[in-house]
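# Examination of the molecular architecture
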Amino acid sequence: MVTVRAPATSANLGSGFDVFGAALSRPADVVTVEKAAETTIEVTGVGAQYIPEDPEKNTVGAVVEALDAPARIHIDKGVRPASGLGSSAASAAGAAVALNRLYDRGRSREELVPIAAEGEAVVSGVAHADNVAPSILGGFTVTTAEGTRSVDAAIPLVVCLPDVAVSTRDARRVVPETASMEELVETVGNAATLAIGMCRSDPDLVGLGMSDPVVTPERARLITGYDDVRERAFDAGATGVTVSGAGPAVIAACRERDRRDVAAGMLDAFADAGIEARAYQTRIGRGSTVL
Ligand code: HSE
């Protein structure tokens, strides 16, 4: 039997749409696998009732196929589905790391990234690796067609998750198909600033680089109260605020000493909009860990 803790992740970080990702120190899924003749999946935990246990429909089924590793699989969800925190990716990443170990498949962590991304395709229709890469490798990740590069970074974060669901499929429909040269130049500048900030573990640069003029404004419209949540986070000391992944979670970078106030400000703003929410005081963390 092998048990793996696979962390939640935040994709995009504003300026890095479909490219940037970060592993979060919390929350996480816990995936346990045992050899079996036929694959069965049991799901418990947060939002388990919304997750299919049929291996054909579950994000983990494609991972089993790719590694030719039938197993009895138990997924204990700590990452709520449809949250913008890489819920399906955490399960796929955890299963990939666990099954690779269980069957001694000998794949490197880097090689497991595209395998886990196949699982993502089952849920969102596109095999993105911007959530599975950080969930497997940890740290801050940059994923392109050429593969993934990662770096460890010490950045305090707050992730505020409202009690509403936004599906990745729906959130991809609002992404603009074109951007102007001016928006492109601004986005490249911000993304580069954020990447330097990660390499230096500098929350100011990371926050500055989260700004994105193209995708985030469209997606923010799907999140009731977003503008106020953003403003309250900045008032409390956040250095940058954006939509986490496809939403509805909102992520803020900050200094350690401001993290509690940033979380409180974001929760208050959602409450003022009549929406229940929970805040995770978190940071960039490690990738999937065999327990
Ligand atoms: N980059 C993807 C998107 C991540 O924003 O649609 C989905 O979680």
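Preceding block: the structure.
Residues numbered from 1 in each chain as written. Predicted model: local features only at pLDDT ≥ 70, side-chain atom pairs only at ≥ 80, totals over all residues. Heavy atoms only, no water.

Moving on to the nonpolar core. Ranked by size, the top nonpolar core spans 36 residues in total, and within it Val-33, Val-63, Ile-73, Leu-99, Val-132 and Ile-136 carry the most contacts. Looking at this core, the elements with two or more residues in it are β1 (2–11), β2 (20–35), β3 (40–45), α1 (61–67), β4 (71–77), α2 (87–102), α3 (109–124) and α4 (132–137). Per-element accounting of this core gives the leading share, nine residues, to α2. If you look at the next biggest cluster of nonpolar residues, it comprises 25 residues, including Ala-8, Leu-85, Leu-161 and Ala-253. (Core = buried A, V, L, I, M, F, W, Y, C linked by side-chain atoms within 4.5 Å. Buried < 20%, exposed > 50% of the residue type's maximum accessible area, 1.4 Å probe, protein only. Helix = DSSP H or I, 4+ residues; strand = E, 2+ residues; numbered from the N terminus.)

So, on to the pairing of strand β6 (residues 147–151). The sheet contact formed by strand β5 (residues 140–144) and β6 spans five bridges and is antiparallel. Within β6, the residue paired with Phe-140 across the bridge is Val-151. (Pairing = 2+ DSSP bridges.)

Let us look at the site of the ligand. Taken together, Ala-11, Asn-12, Phe-17, Asp-18, Asp-130, Asn-131, Thr-168, Arg-172, Arg-219 and Gly-245 form the complete shell of residues around the ligand. In the environment of the ligand, a nitrogen atom lies 2.5 Å from a nitrogen or oxygen atom belonging to the side chain of Asp-18. In the environment of the ligand, an oxygen atom lies 3.0 Å from a nitrogen or oxygen atom belonging to the side chain of Asn-131. Here the ligand has 260 Å² of accessible area as a free molecule, and 95% of this is covered by the chains. Here the residues of the shell around the ligand are counted per class, giving two nonpolar, four polar and four charged. (Near = heavy atom within 4 Å. Polar contact = N/O pair within 3.5 Å; in protein donor to acceptor, adjacent residues only side chain to side chain. Areas by Shrake-Rupley, 256 points an atom, 1.4 Å probe, with all protein chains shown as cover. Nonpolar A, V, L, I, M, F, W, Y, C, P; charged D, E, K, R; others polar.)

Here we come to the packing of helix α9 (residues 226–235) against helix α10 (residues 259–272). Where α9 meets α10, the closest approach of the two axes is 8 Å, and the angle between their N-to-C directions is 155°. As the angle between them shows, α9 and α10 are arranged roughly antiparallel. Two packed elements cross with a definite hand, and for α9 against α10 that hand is right-handed. Contacts between α9 and α10 involve Asp-228, Val-229, Arg-232 and Ala-233 from the former and Val-262, Gly-265, Met-266, Asp-268, Ala-269, Phe-270 and Asp-272 from the latter. Of the residues that constitute the contact of α9 with α10, the class distribution is six nonpolar, one polar and four charged. (Axes fitted to C-alpha atoms, helices over the stretch in contact; angles between N-to-C directions. Parallel < 35°, antiparallel > 145°, perpendicular 65-115°, else oblique. Left-handed = near helix turned anticlockwise from the far one by under 90°. Contact = heavy atoms within 4.5 Å.)

Our next topic: the pattern of salt bridges. Here the structure, examined in full by the defined rule, presents 10 salt bridges. A salt bridge links Glu-256 to Arg-283, with the shortest nitrogen-to-oxygen separation between them at 2.6 Å. You can see Glu-256 sitting in the loop between β9 (250–253) and α10 and its partner Arg-283 sitting in strand β10 (residues 277–283), a full 27 residues away along the chain. Note on Arg-283: relative accessible area 25%, which makes it partly exposed. If you follow the salt bridges from partner to partner, you end up with Asp-228, Arg-232, Asp-268 and Asp-272 in one network. (Salt bridge = Lys/Arg side-chain N within 4 Å of Asp/Glu carboxyl O.)

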